[in-house]
Structures are given as C-alpha cells and as structure tokens.
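Here's the letter readout for the chains.
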Amino acid sequence: MPRALSLGDVRWLTVPVNMPTLDAPEERLRKFKYRGKDASMRRQQRMAVSLELRKAKKDEQALKRRNITNVSSDPASEQLTKGVSLNLQEIINGVNASDPDLCFQATQAARKMLSRERNPPLKLIVEAGLIPRLVEFLKSSLHPCLQFEAAWALTNIASGTSEQTQAVVESGAIQPLVELLSSPHMTVCEQAVWALGNIAGDGPEFRDLVISSNAIPHLLALVSSTIPITFLRNITWTLSNLCRNKSPYPCKKAVKQMLPVLFHLLQHEDGEVLSDTCWALSYLSDGCNERIGQVVDTGVLPRLVQLMTSSELNILTPSLRTVGNIVTGTDHQTQVAIDAGILNVLPQLLMHPRSSIQKEAAWALSNVAAGPCQHIQQLIACGTLPPLVALLKNGEFKVQKEAVWTVANFTTGGTIDQLIQLVHSGVLEPLVNLLTIQDPKIVTIILDVISLILKAAEKLSEKENMCLLIEEIGGVDKIEALQLHENPQVALTALNIIENHFCEGEENGTILPALDQDCEYLNHLTKNYQGPTTSKPRTTP
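Figured I'd write up the structure that's included with this text. These numbers come from a predicted model, not from an experiment.

**Some thoughts on a negative patch on the surface**
Consideration 1: Taken together, Glu471, Glu472, Asp477 and Glu480 make up a surface patch of like negative charges.
Consideration 2: Those elements giving two or more residues to the negative patch turn out to be α30 (463-472) and α31 (475-482).
Consideration 3: As for its position among the elements, Glu472 is in helix α30.
Consideration 4: Under the relative-accessibility criterion, Glu472 is labelled partly exposed at 41%.

See the structure below:
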C-alpha cells in the first residue's frame, strides 16, 4: 500500500532577509514610478517596498520540512525489524554490512532516530559518517524498501542546518535522488521529492545544483490528477523552493519550465497546493520588470485576484504579495492587474482584521498610486479613498506609514481635479494629526503632501480658504512647532510651508474669510474648478 506522507512537524529556519535600507524619503520616492519628475525618472521601476514590509519578519513559508510520520514503507519490511532496537554503534555496523537485510534494519533504525519529534540526533548521525552509505542505498534498485528508508533518513538530515544539508550534497545525493523521481514505487518517488525540496530550500547554491541535475522535468512529469493529494502537496512545495531566492534568481530556462505547471496548480482547490503555488509565484515576481512580465504573461492575474478574497490567511497572504509585486512593474503590467480586478479587492483588504494584510494592501495600493493619473482615477473610482483615510485615522502605525506613502504618490502624480477629490475625502485631518509622530521620514513626506495641496489650491486661487482649513484642524500650530525640529530636513520643510503659505496674510493685515464648515469650502472648491476630463487608461504594447 502506498504510504500517505503527512507534512508532520515543520522545521522553521530563520533566514535573514538581506534587503537594502532606504534612509532618506527621497530615495524611496526615487524608487517609485511617479509623475513630477523627468520622463526617465518616471520610467524607473517602482520598487516593491518589501524592506518595510518584511524587515525582521520570518518568512511565512517553511524553508525545510522534516518527516516525522511514524509509518513503515511496507508492512512486510516492518516485520524484519519488529522488536529490534539498535544503538548508534549497532546502526553504524549494520549500515556498513554487506547483508542487505542488515543494511535495511540499520537504515530504518537510523531513520526512526532522525524522525523523533524532539531532539533528533542529526549531528550524531552526520558525525558517524553514515551519509555516504545512505546515498549508496539510494541506488539499490533491487531493494526499494532500503531506497525508501535511505531517502527518508537523508530527507531529515537535509532538514537541519546548512552544514548538515551540505554534508548530504557533498556525498553526492542529488543525482540519485533525481533518478528516484522515476522510480516505479510511489513512496520512494515521493520521499525523493521531499529530500530534493529540503536541499533546494537551503539556498540558491543548492537550488541551482538541483536544477542543473535536471530535476524540474522529472518533477513536472509527476503532476497529474491521479496522484495522492499528499504527494501533490510535496511536489508543489518543492517547486516553490526551486523558485525561491534571488541572489541569484533561478535561471530563466527553469522559470520557463515551471510557470505553465504553476498556472495549472493555481486552479487547484487544495489549500496547501494553492498556498505553495502562490508563494512560488511571489518569488518569481519579486524582481525586475522582465521577470514580472514572465509571470503576468502566463495569465495568472485573474485567479490571483480571486484568491485575494480567500478567508484562508495562508492563501490570501502569498496571493496578495504576488499581485503587490506585479504592480511594482511597468504601467502596462499594473494595468493588467487593474483589469483583473485588484482595485475591487484592495478596499476590502484595507479593512481586513489583520494589520499585516492591511499593510500589504496599502503597500500594493501605493504602487498603483505611483502610476499615471489614469491609474489614480481608477483607484478613486473603485472607492479606495474612504478605507485609506480610515487607516490614516485609526490604523496601527506600521499601516499608517504605508497609507501615507499612498497619499504621497497620489499627490505627486495626480491631476488638480484628483487632488480636490483627495482633500474632499477627508485626508488632511489625519495627516495633520500624524505630524506629531517620532518618524522624521514620514513627517517630511506629510509636509510635502501638504505643500503640494497648497500649491494646487493656489493655482485655483483658493489658497486662502485652504490655509484656513489647515489652520482649523490644528495644522498651522503643528507645522510652526516643526520649525524647531531636531531633524534639519523636517525643520526646513516646515519653515518653507510657513514662509510660502502662511505669512502673507499677517504682513498685509488681511483677515482670511471665516468658514463655517470644512465641507462648505470643499464643495465650493469642487464647484468652481472644472478639471480636465481624464483620458482612457494608457497601456503600453
């Protein structure tokens, strides 16, 4: 009977994400694609600001998995070791024996030791020098039970530290494991898949060794509607590890081989298959426009947007991240995401009960807002402004920061008519309230937003009313106080706003007209400005 492999316990490895740190707001703004700079600057890639989203955060997907399932490969073979308990020295002697039965008993005993839920003796087994013999057993085609036990033991050794995985690789395990992908015995084949997944999950060097050993065609050939779901889950997870890491990225040939099958797996209904498929796509889309284009061209976006509505966090998180990566690309790639319905889903995700989802949704929205005014108009039309303003008012600070970036990109790239709609949404008051936070970068960005809004009002000859509105919500007092801020950039930006927009009335003795309610001014502003009609969304061929 085929053995149904359970994923069992998950062995998490904390791997630091080596991401650059952007210290200055200008640097982050430069990495967005937005209007207000020269054409070449606007054409630069919008960076996925994952340094903010993922700093000091464990990856949600397991790099490696240890098989602790206490199930025998075969009831008959279990009979061979029934009642047999071997110590380490007996295991060493048995593994090095010439009798296949003794080799099997010792290998199975080693595997059981390595499958302990707590404190498996991986180091002892490695130091005992058993790995080369275990690799030899992978080639014993006349003894599939021995192959299975050896593959299982190597799987669990490779789930350990990088040094332990390296010991497996240096003993020559990859090629015989790849050959076992063609084994007529499903349990042997599945265990080889698992072992290769652990090896590939260690990092780009071993991932590329697995790829160069021609593992991908064999893995893809295993995907069918007839294999057990546990087997399909292991294949999908191993494929995701072959997509993982970007220093360097997996080669283009490998990506081209995997993408059609990932598209197929994305249509599956199993939650684990969907989760690992979405993670694979998130790794492949986390890069330059060309790599994003490879993913977009497979036609996965409509399904990814559909999965963004999932109630399962393990599906929602990687699908949202993949789409978020895609909208860091070109205007055309972003438009494809918009056409797939991303803006219909993001407003709901901005109100998600988990702040981590709110944050990633706001990050994705900030990259849409970093595009041309046509994208901004679609953003407005889909009702994203009210939940965005709600986050600015009541969200956790990490979410508020992403919301501020969205507003900053909006004001930089939007038309005057769109800025009117932004002000009308009530964005100014929560922005002003955030001027007291202890984050100079975000404070500077908010001051820049206020400055842009004031300049837009000045073009409409409505600056006096805008100044009054800002004063009534406490903005002037806060901006004046920021002139004494310890950060010179904050102080200078605040000084320029006061000098350019709030000194003229005092010098001329002019009294600004009173305003009963903020909405009267906003309605007056909207009524008296006939903004340009936005053109059709621009797409690039």
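**Remarks on the nonpolar core**
Consideration 1: In this structure, Met308, Ile342 and Leu346 are the most contacted members of the largest nonpolar core, which totals 153 residues.
Consideration 2: Tallying contributions element by element places helix α29 (residues 440-459) first for this core, with 10 residues.
Consideration 3: Beyond its immediate sequence surroundings of up to four residues, Met308 is in contact with Leu316, Ser319, Leu320, Val323, Ile342, Val345, Leu346 and Leu349.

**A word on the packing of aromatic side chains**
Consideration 1: Enumeration over the complete set of coordinates arrives at 2 aromatic pairs.
Consideration 2: A centroid spacing of 6.2 Å and a plane angle of 25° characterise the contact between Trp279 and Tyr283, whose relative ring orientation is stacked. Taken together, the residues span about one helical turn, with Trp279 and Tyr283 both in helix α17 (residues 271-285) at a distance of 4 residues.
Consideration 3: The class of Trp279 is buried, set by a relative accessible area of 3%.
Consideration 4: A relative accessible area of 12% places Tyr283 in the buried class.

**Some remarks on α29**
Consideration 1: Here α29 spans 29 Å end to end across 20 residues, near enough to the 28 Å set by a 1.5 Å rise per residue.
Consideration 2: You can read the cap of α29 off the contacts: a side-chain oxygen lies 3.2 Å from the backbone nitrogen of Lys441, and it is on Asp439.
Consideration 3: Downstream of α29 by one or two residues, Ser461 has phi in the positive range, about 60°.

**Considerations on unusual backbone geometry**
Consideration 1: With an omega of 5°, the peptide bond between Ser247 and Pro248 qualifies as cis.
Consideration 2: Inspection of the secondary structure assignment puts Pro248 in the loop between α15 (229-243) and α16 (252-265).
Consideration 3: Despite not being glycine, Asn119 shows a phi value in the positive range, around 50°.
Consideration 4: Mapped onto the fold, Asn119 is located in the loop between α6 (100-114) and α7 (122-127).
Consideration 5: For Asn119, a relative accessible area of 69% gives the class exposed.
Consideration 6: One non-glycine residue, Ser461, lies in positive phi territory at about 60°.
Consideration 7: Position of Ser461 relative to the elements: it lies in the loop between α29 and α30.

**Side note on the environment of Leu266**
Consideration 1: Structurally, Leu266 is set in the loop between α16 and α17.
Consideration 2: Residue class for Leu266 comes out buried when judged on its relative accessible area of 0%.
Consideration 3: In this structure the C-alpha to C-alpha distance between Leu266 and Arg303, which are 37 residues apart in sequence, comes to 7.3 Å.
Consideration 4: If we ignore the near neighbours within four places in the chain, the residues touching Leu266 are Leu274, Thr277, Cys278, Leu281, Val300, Arg303, Leu304 and Leu307.

**Thoughts on the pattern of salt bridges**
Consideration 1: Tallied over the full model, the rule gives 11 salt bridges.
Consideration 2: Across the salt bridge formed by Asp439 and Lys401, the nearest N and O atoms sit 3.5 Å from each other. Here Lys401 lies in helix α26 (residues 397-413) and Asp439 lies in the loop between α28 (428-433) and α29, a separation of 38 residues in the sequence. Of the two residues, Asp439 and Lys401, both sit in the buried class.
Consideration 3: Look at the salt bridges and you will find they share partners, linking Arg233, Asp270 and Glu272 into a network.

**What about the environment of Arg133?**
Consideration 1: Mapped onto the elements of the fold, Arg133 is located in helix α8 (residues 131-137).
Consideration 2: Residue class for Arg133 comes out partly exposed when judged on its relative accessible area of 26%.
Consideration 3: Linking Arg133 and Ala150, residues 17 residues apart in sequence, is a C-alpha distance of 8.8 Å.
Consideration 4: Leaving out residues up to four positions away in the same chain, Arg133 has contacts with Val95, Asn96, Ala97 and Cys103.

**A word on the side chain of Arg303**
Consideration 1: Mapping Arg303 onto the fold places it in helix α19 (residues 301-307).
Consideration 2: Among the residues examined, Arg303 registers a relative accessible area of 12% and is labelled buried.
Consideration 3: Here the side chain of Arg303 touches His268 through a polar contact of 3.2 Å, landing on its backbone oxygen.
Consideration 4: In this structure Arg303 touches Leu266, Gln267, His268, Glu269 and Leu274, once residues within four positions along its chain are discounted.

**Examining the packing of α29 against helix α32 (residues 488-501)**
Consideration 1: Following both chains from N to C, one finds α29 and α32 inclined at 20°, their axes separated by 9 Å at the closest point. Considering the angle they form, α29 stands roughly parallel to α32. Between α29 and α32 the crossing geometry is left-handed. Residues Pro440, Val443, Thr444, Leu447, Asp448, Ser451, Leu454, Lys455 and Glu458 of α29 form the contact with α32, whose participating residues are Gln489, Val490, Thr493, Ala494, Ile497 and His501.

Each value, and the rule that gives it
- Along each chain, residues carry numbers from 1 onward, in the same order as the chain's sequence is written.
- Only residues with pLDDT of at least 70 are given local features in this predicted model, and only at 80 or more are side-chain atom pairs given and counted; all residues enter the totals for whole chains, interfaces and linings.
- Hydrogens and water molecules were not included; the side-chain quantities draw on all heavy atoms of the structure.
- A residue counts toward a patch only above 30% relative accessible area and without a salt bridge, and it is joined to like-charged neighbours within 9 Å or, for Val, Leu, Ile, Met, Phe, Trp and Tyr, to nonpolar neighbours within 5 Å.
- Each accessible area is a Shrake-Rupley result for a 1.4 Å probe, and residues are judged covered by the shown protein chains and nothing else.
- The term salt bridge refers to a pairing of a side-chain nitrogen on Lys or Arg with a carboxyl oxygen on Asp or Glu at a separation within 4 Å.
- In this charge count, Lys and Arg are treated as positive and Asp and Glu as negative; neither His nor the chain ends contribute.
- Taken as the charge location is NZ of Lys, CZ of Arg, CG of Asp or CD of Glu.
- What counts as a helix is a DSSP run of H or I of at least four residues, what counts as a strand is a run of E of at least two, and both are numbered from the N terminus.
- Three labels apply to residues, based on accessible area from a 1.4 Å probe with only protein chains included: buried if under 20% of the type maximum, exposed if over 50%, partly exposed otherwise in between.
- The criterion is simple. A nonpolar core is a set of buried Ala, Val, Leu, Ile, Met, Phe, Trp, Tyr and Cys residues joined through side-chain atoms within 4.5 Å.
- Contacts: residue pairs with any heavy atoms within 4.5 Å of one another.
- Working definition: rings of Phe, Tyr and Trp (its six-membered ring) pair if their centres are within 6.5 Å, and the pair is stacked with planes under 30 degrees apart, edge-to-face with planes over 60 apart, and tilted otherwise.
- Helix span, expected: 1.5 Å multiplied by one less than the number of residues in the helix.
- Under this definition, polar contacts are N or O atom pairs within 3.5 Å; protein pairs additionally need one hydrogen-donor-capable and one acceptor-capable atom, and for neighbouring residues in sequence, both atoms have to be side-chain atoms.
- In this description, a line fitted to the C-alpha atoms serves as the axis of each element, helices being fitted only across the stretch in contact, and the angle between N-to-C directions of two axes falls anywhere from 0 to 180 degrees.
- Any angle that is under 35 degrees is reported as roughly parallel, and any over 145 degrees as roughly antiparallel; angles of 65 to 115 degrees are reported as roughly perpendicular and all others as oblique.
- Two helices cross in a left-handed way if the nearer one is turned anticlockwise from the farther one by less than a right angle. They cross in a right-handed way if the turn is clockwise.

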